Amino acid sequence: MSLEEPTPEDGAVEVLPTEGDEIAELLGDLVVDREEHVNAPGFVIRPDSVQETLRRLRDEAGFDHLSCVTAEEREDRYESIYHLTSFDDRQREVSVVVPTTKDDPVSESAEPVFRTADWHEREAYDLIGIEYDDHPDLRRILLPDTWQGHPLSQNYDQDRPQIVTLKEWENPLADDHREDAGDTMYVNIGPHHPATHGVLHVKTVLDGEQVADVDPDIGYLHRCEEQMCQTKTYRHQIMPYPDRWDYASSGLLNEWAYARAAEDLNDIEVPEYAQIIRTMGAEFCRIASHMLAVGTFALDVYGDFTAIFMYAMRDREKVQNVLEELTGQRMMFNYFRLGGVVWDLPEPREEFFELIRDFLEDLPEAVEEYHDLITGNEILQSRTIDTGVLPPEVAKSYGATGPVARGSGIDYDLRRDDPYGYYDELEWDVITEDGCDNFSRLLVRLKEVEESAKIIEQCVELLEDWPEDERNIQANVPRTLRPEDDKEIYRAVEAAKGELGIYIRADGTEKPGRFKIRSPCFSNLQTLPEMSAGEYIPDMVASLGSLDIVLGEVDR
Amino acid sequence: MSSERDTPFVTDDTQVQTETRDARMTGAGADNRFNSKLREAFGSSPFILTKFDQFMNWVRGSSMFMLQFGIACCSIEMMHTYSVKHDLDRFAAGVPRASPRQADVIIVPGTIVSKFAPRMKRVYDQMPEPKFVVGMGSCTISGGPFQEGYNVIKGAEEVIPVDIHVPGCPPRPEALIYGVAKLQQRIAEGESSPVTVKPYELEQFDDLEQDEIVEQLADQIDEDDLVMRYNWADSP
Ligand code: SF4
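Residues numbered from 1 in each chain as written. Chains lettered and ligands numbered in written order. Predicted model: local features only at pLDDT ≥ 70, side-chain atom pairs only at ≥ 80, totals over all residues. Heavy atoms only, no water.

Peer 1: What is the right way to look at the pairing of strand S3 (residues 65-73) of chain A in this model?
Peer 2: Two faces, one strand: in a regular strand the side chains alternate between the faces of the sheet. Residues and elements named next belong to chain A. Counting buried residues in S3 gives nine out of nine residues, a clear majority hidden from the surface. One ladder, built from eight bridges, connects S3 with strand S4 (residues 78-85); its direction is antiparallel. Bridge pairing links Thr 70 to Ile 81 in S4. The turn linking S3 back onto S4 is made up of four residues. (Buried < 20%, exposed > 50% of the residue type's maximum accessible area, 1.4 Å probe, protein only. Helix = DSSP H or I, 4+ residues; strand = E, 2+ residues; numbered from the N terminus. Pairing = 2+ DSSP bridges.)

Peer 1: I'm lost on the environment of Asn321(A) in this one. Help?
Peer 2: Residue and element names in this part refer to chain A. Looking at where Asn 321 falls in the secondary structure, it is placed in helix H7 (residues 308-327). Taking the relative accessible area as the measure of exposure, Asn 321 reaches 31% and is therefore partly exposed. For the pair Asn 321 and Glu 283, spaced 38 residues apart in sequence, the C-alpha to C-alpha distance is 14 Å.

Peer 1: Explanation requested: unusual backbone geometry in the structure shown.
Peer 2: Negative phi is the rule for most residues except glycine; trans is the rule for most peptide bonds. Cis rather than trans, the peptide bond between Glu347(A) and Pro348(A) has omega equal to -10°. Tracing the sequence through the fold places Pro348(A) in the loop between strand S13 (340-341) and helix H8 (349-375). Here the bond from Cys169(B) into Pro170(B) is cis, since omega is -10°, no more than 30 degrees from zero. The residue Pro170(B) is located in the loop between strand S5 (164-166) and helix H7 (173-188) in this model.

Peer 1: Explanation requested: the side chain of Arg316(A) in the structure shown.
Peer 2: Position of Arg316(A) relative to the elements: it lies in helix H7. The buried charged residue Arg316(A) lacks any salt bridge, with Glu77(B) as its nearest oppositely charged partner at 5.9 Å. If we skip the residues at most four places from it in the chain, Arg316(A) touches Ala248(A), Ser249(A), Ala288(A), Ser289(A), Met291(A), Leu292(A), Ile76(B) and His80(B). (Lys, Arg positive; Asp, Glu negative; His and termini not counted. Salt bridge = Lys/Arg side-chain N within 4 Å of Asp/Glu carboxyl O. Contact = heavy atoms within 4.5 Å.)

Peer 1: For this particular structure, what's the right way to read the sheet that holds strand S2 (residues 41-45) of chain A?
Peer 2: Paired through their backbone hydrogen bonds, the strands of a sheet run either parallel or antiparallel. Residues and elements named next belong to chain A. Spatially, five strands are ordered S1-S2-S5-S4-S3 in an open sheet, and the strand pairing comes out mixed. Only two strands of the sheet have a single partner each, and these edge strands are strand S1 (31-36) and S3. On average, each strand axis in the sheet is tilted by 25° relative to the strand beside it, whichever way the strands run. Contacts from helix H2 (residues 50-61) reach S2, S4 and strand S5 (93-100), with the element oriented near 175° to S5. (Axes fitted to C-alpha atoms, helices over the stretch in contact; angles between N-to-C directions.)

Peer 1: Before we go on, may I ask you to explain the packing of helix H6 (residues 272-302) of chain A against H7(A) in this structure?
Peer 2: Packed helices, taken two at a time, are described by the angle their axes make and the gap between the axes. All names here are of chain A. Between H6 and H7, the least distance of the axes is 9 Å, while the angle of their chain directions is 160°. One element, H6, and the other, H7, form an angle in the roughly antiparallel class. Regarding H6 and H7, the two cross each other, and that crossing is left-handed. Class assignment of the residues belonging to the contact of H6 with H7 gives a composition of 18 nonpolar, four polar and two charged. (Parallel < 35°, antiparallel > 145°, perpendicular 65-115°, else oblique. Left-handed = near helix turned anticlockwise from the far one by under 90°. Nonpolar A, V, L, I, M, F, W, Y, C, P; charged D, E, K, R; others polar.)

Peer 1: What is the right way to look at the environment of Lys511(A) in this model?
Peer 2: All names here are of chain A. Residue position: Lys 511 is located in the loop between strand S15 (498-506) and strand S16 (512-518). Exposure remark for Lys 511: the relative accessible area of 32% places this residue in the partly exposed category. When neighbours within four sequence positions are excluded, Lys 511 is seen to be in contact with Gln 230, Thr 231, Lys 232, Thr 233 and Tyr 234.

Peer 1: Even after reading the chapter, I still don't get a negative patch on the surface, so can you show me in this structure?
Peer 2: Residues and elements named next belong to chain A. Together, Glu 325, Glu 347, Glu 350, Glu 351, Glu 354, Asp 358, Glu 361, Asp 362, Glu 365, Glu 468, Asp 469 and Glu 470 make up a region of like negative charge exposed at the surface. At seven residues, H8 tops the list of elements feeding residues into the negative patch. Here Glu 351 shows up in helix H8. We classify Glu 351 as exposed; its relative accessible area is 57%. (Patch = residues over 30% accessible without salt bridge, like charges linked within 9 Å, V, L, I, M, F, W, Y side chains within 5 Å. Areas by Shrake-Rupley, 256 points an atom, 1.4 Å probe, with all protein chains shown as cover. Charge placed at Lys NZ, Arg CZ, Asp CG, Glu CD.)

Peer 1: So what exactly am I meant to see when it comes to the site of the ligand here?
Peer 2: Surrounding the ligand, one finds 16 residues, the nearest of these being Cys73(B), Cys74(B), Ser138(B), Cys139(B) and Cys169(B). Among the residues making up the shell around the ligand, the classes are represented as nine nonpolar, five polar and two charged. (Near = heavy atom within 4 Å.)

Peer 1: What is the right way to look at the sheet that holds S15(A) in this model?
Peer 2: Residue and element names in this part refer to chain A. The three strands lie next to each other as S14-S15-S16, forming an open sheet whose pairing is antiparallel. The open sheet has two edge strands, strand S14 (488-495) and S16, and neither has a second partner. Going across the sheet, the axis of each strand differs from the next one's by a mean of 15°, ignoring polarity. As defined by bridge partners, S14 adjoins S15 across eight bridges and the pair is classed as antiparallel. Bridging from a neighbouring strand, Glu 494 pairs with Glu 499 of S15.

Peer 1: Even after reading the chapter, I still don't get the nonpolar core, so can you show me in this structure?
Peer 2: Side chains of nonpolar character tend, in soluble globular proteins, to be buried together. Residue and element names in this part refer to chain A. Leu 57, Tyr 82, Tyr 247, Met 280 and Leu 525 are the most contacted members of the largest nonpolar core, which totals 204 residues. Here this core gets 16 residues from one element, more than from any other, and that element is H6. When near neighbours in sequence (up to four residues on either side) are disregarded, Met 280 contacts Leu 345, Phe 352, Ile 356, Ile 456, Cys 459, Val 460 and Leu 463. (Core = buried A, V, L, I, M, F, W, Y, C linked by side-chain atoms within 4.5 Å.)

Peer 1: Explain the side chain of Glu535(A) here, please?
Peer 2: Tracing the backbone through its elements, the reader meets Glu535(A) in the loop between helix H15 (528-532) and helix H16 (537-547). Among buried charged residues, Glu535(A) stands out as having no salt bridge; its nearest opposite-charge side chain is Arg441(A), 8.0 Å away.

Peer 1: It is not clear to me how the state of the cysteines should be interpreted in this structure. Could you clarify?
Peer 2: Here, disulfide denotes a covalent bond that connects the sulfur atoms of two cysteines. Residue and element names in this part refer to chain A. By the definition in use, this model includes zero disulfides over all chains. With no disulfide of its own, Cys 229 lies closest to Cys 224 among cysteine sulfurs, the gap being 11 Å. Here Cys 229 falls in the buried class, since its relative accessible area comes to 0%. (Disulfide = S-S within 2.5 Å.)

Peer 1: Sorry if this is basic, but what is going on with a nonpolar patch on the surface here?
Peer 2: A surface patch of nonpolar side chains, about 410 Å² in accessible area, is lined by Phe52(B), Phe55(B), Trp58(B) and Val59(B). Tracing the backbone shows Trp58(B) in helix H3 (residues 52-62).

Peer 1: What's the story with the domain arrangement of chain A in this structure? I'm lost.
Peer 2: Reports often express the size of an interface as the amount of accessible area lost when the parts come together. All names here are of chain A. According to the domain assignment, chain A contains domain 1 (8-133) and domain 2 (225-555). Here domain 1 and domain 2 have C-alpha centroids that lie 27 Å from each other. Between domain 1 and domain 2, the residue contacts involve 30 residues of the former and 33 residues of the latter. Overall, the association of domain 1 and domain 2 removes approximately 2,800 Å² of surface from exposure, summing both partners, and the carbon and sulfur fraction of that is 51%. Per-residue buried area on domain 1 facing domain 2 is highest for Phe 87, Arg 90 and Trp 119; these three make up 26% of the total on that side. Scanning the region where domain 1 abuts domain 2 turns up 20 residue pairs in polar contact (both at pLDDT 80 or more). At the level of elements, S3, S4 and helix H3 (117-127) are the ones that each hand at least two residues to the side of domain 1 that touches domain 2. If you tally residues by element for the side of domain 1 that touches domain 2, the top one is S3, at eight residues. For the side of domain 1 that touches domain 2, the residue count by class is 10 nonpolar, 10 polar and 10 charged. (Domains from an automatic or database assignment. Buried area = accessible area lost by both parts, 1.4 Å probe. Polar contact = N/O pair within 3.5 Å; in protein donor to acceptor, adjacent residues only side chain to side chain.)

Peer 1: Looking at this structure, how should I read the domain arrangement of chain B?
Peer 2: All names here are of chain B. You can read the domains of chain B as domain 1 (55-188) and domain 2 (202-234). Here domain 1 and domain 2 have C-alpha centroids that lie 29 Å from each other. The partner domain 2 presents five residues to the 11 residues of domain 1 that form the contact. Summing the contributions of domain 1 and of domain 2, the shared interface buries around 570 Å²; its carbon and sulfur component is 75%. Our count for the contact surface shared by domain 1 and domain 2 stands at one residue pair in polar contact (both at pLDDT 80 or more). Counted by class, the side of domain 1 that touches domain 2 contains six nonpolar, two polar and three charged residues.

Structure representation (structure tokens):
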């Protein structure tokens with residue numbers, strides 16, 4: 001299997017099939033039927049031609065990014081939807097729809113083509129009940145192994161009792177080693193462990209001191225976010241939930257993901273003034289989130305609870321003060337509304353701008369301090385440089401995005417590549433680093449903090465000069481939203497951890513028929529075994545820290 | 001001893017020491033740098049008369065080791081409570097320990113789901129007695145915003161006893177500090193929390209009542225495996 005992209009020969013610019021008809025031509029008789037999704041053309045194919053279709057799209061049309069796999073149960077069938085796009089041009093999108101019958105929901109696995117499909121399909125099996133042929137390891141991923149039933153399928157009875165076991169974990173490689181090759185040792189890390197950033201469980205097998213096998217076991221914080229969103233109304237009830245997906249202060253970024261998808265679904269235009277406020281707030285969240293990532297990373301790498309961690313917390317407190325002024329909350333902002341934001345900047349505005357300016361003025365010095373303490377520190381350098389290496393092709397195949405992808409030299413940022421909000425009007429750069437290691441990912445985060453500060457500064461200038469009678473914070477949006485039946489959309493934004501996508505299928509009521517969250521942490525975490533094979537345990541922990549996962553978003 | 005004899009020299013060292021100390025600390029012109037609360041309460045006497053259990057309660061409340069235990073969103077605010085600005089350490093309760101065997105207090109900061117509850121119970125069981133629990137956030141009270149979820153335990157109290165509930169989603173650091181201070185006060189006053197019935201316990205699989213689901217799982221689970229059984233229909 002080749003992960004290489006097709007390269008245009010002799011520098012000739014190759015025109016890749018993008019329009020619906022061109023793709024249909026490429027796929028030929030693999031296509032059984034066509035659909036129109038709001039974001040992309042959809043192609044219905046047979047359940048046994050998944051691999052062939054995806055491979056053709058990847059190799060011949062450059063769709064090298066399997067962003068998300070959505071599974072759902074409809075009245076008369078099961079459906080898996082593969083949302084494909086391209087790392088080079090995010091605005092090219094295509095959906096591959098694979099229906100299967102109710103009595104025999106089996107379809108071919110996409111794992112041999114895109115490695116990221118592994119976990120996505122396990123999740124689909126776990127929550128919906130679709131089975132995938134040719135999948136290397138189809139078992140439950142979020143719910144306990146002994147769970148009965150598939151909770152997001154129709155007719156699931158939520159009141160039936162369930163039994164969950166508490167067992168000693170076994171060494172999965174115990175019987176696997178050759179006769180005289182010596183034993184492997186099993187090390188259990190988590191789910192309650194300070195190095196796992198929450199309730200992650202990492203089953204690790206050591207051969208000597210080297211990591212022979214890592215299996216991240218997730219689901220210890222699976223709190224039914226998708227079910228919650230499916231039982232709430234579009235207009236007001238869903239918005240508080242995104243704050244709780246990636247709770248490391250990325251609230252506004254997550255809210256934007258939902259807002260963007262729902263606004264495009266309902267054709268809502270957001271006033272420019274509100275877009276600027278959104279952009280500014282979102283970048284503050286990104287700073288807070290990266291600060292936490294940097295602080296806890298240093299904590300992981302050299303157990304430093306007193307200096308860097310506290311510095312990071314100090315700066316986060318400042319950001320939270322600004323956000324609290326703006327939204328009234330320290331963490332769970334609930335500040336966006338479909339069509340805008342809930343209220344204007346706090347009065348007196350000058351004081352608010354003053355607060356932001358103070359923060360921005362102090363920031364360069366603070367960042368300098370981080371560089372002195374962390375990136376310029378030889379201990380940290382020798383712990384992180386050339387450990388946890390993630391080559392770009394592997395990262396792409398696992399659907400890694402955000403700082404993890406950019407640390408592997410992949411120039412991919414939705415704020416620029418699929419512009420939304422006010423980003424395309426502002427001056428800023430996408431940061432990439434070519435080291436592919438833990439150190440690069442750290443550098444990307446620190447540099448992104450500075451870029452975010454640039455964006456905020458420009459937003460503040462715009463907001464200061466905005467004419468008073470044009471401060472329109474919300475579009476006119478009806479009280480109840482009922483998008484047409486069967487309208488489907490997949491939209492993503494660049495959250496702090498990467499591409500945060502939302503798939504919504506409307507069913508003609510005021511609640512979504514299916515609400516699927518594509519979490520960047522979920523895909524990024526999948527790369528952990530790749531990064532840590534053959535490394536020492538402390539390097540594995542450093543890699544885990546550099547991925548900056550938040551379990552609330554991994555498990556949803 | 002020798003003090004009865006009228007000698008020009010004082011030979012009792014102890015007495016000299018006591019007098020000097022008293023002069024320094026309590027007498028006229030006492031050095032006002034010795035101003036601890038304890039001294040105000042007890043004077044300079046090296047003895048404190050109290051009941052032993054009262055003393056122990058006071059000690060317990062004044063030096064609490066917290067378990068470093070992060071679950072969900074609330075744990076971010078918990079970290080802020082430990083760190084600069086809010087600094088829980090000022091209230092004699094800020095040393096996060098990574099191992100349950102060294103901890104006195106567990107703050108449960110987040111949503112508990114079916115897969116995690118048995119592990120949390122295990123961690124709680126590993127803490128040495130006496131141990132205290134602060135439930136942080138609405139999730140530990142009722143399941144919070146996720147109360148209707150198919151996988152969510154409707155409050156920490158279903159699994160372990162909780163001494164103090166701090167409501168909020170998430171509670172502000174100030175609120176958590178208040179909760180911890182309340183706990184310290186209760187401990188110092190020797191109050192214990194009421195015994196609650198916990199519906200979800202760890203039990204052996206073959207002790208479960210035989211019914212449909214137990215039969216279905218019989219070939220997957222060993223008889224002496226520990227399990228937790230959730231009767232969702234009876235949950236609040
Ligand atoms: S109470 Fe709110 S903030 Fe705390 S864990 Fe639950 S949802 Fe998160």
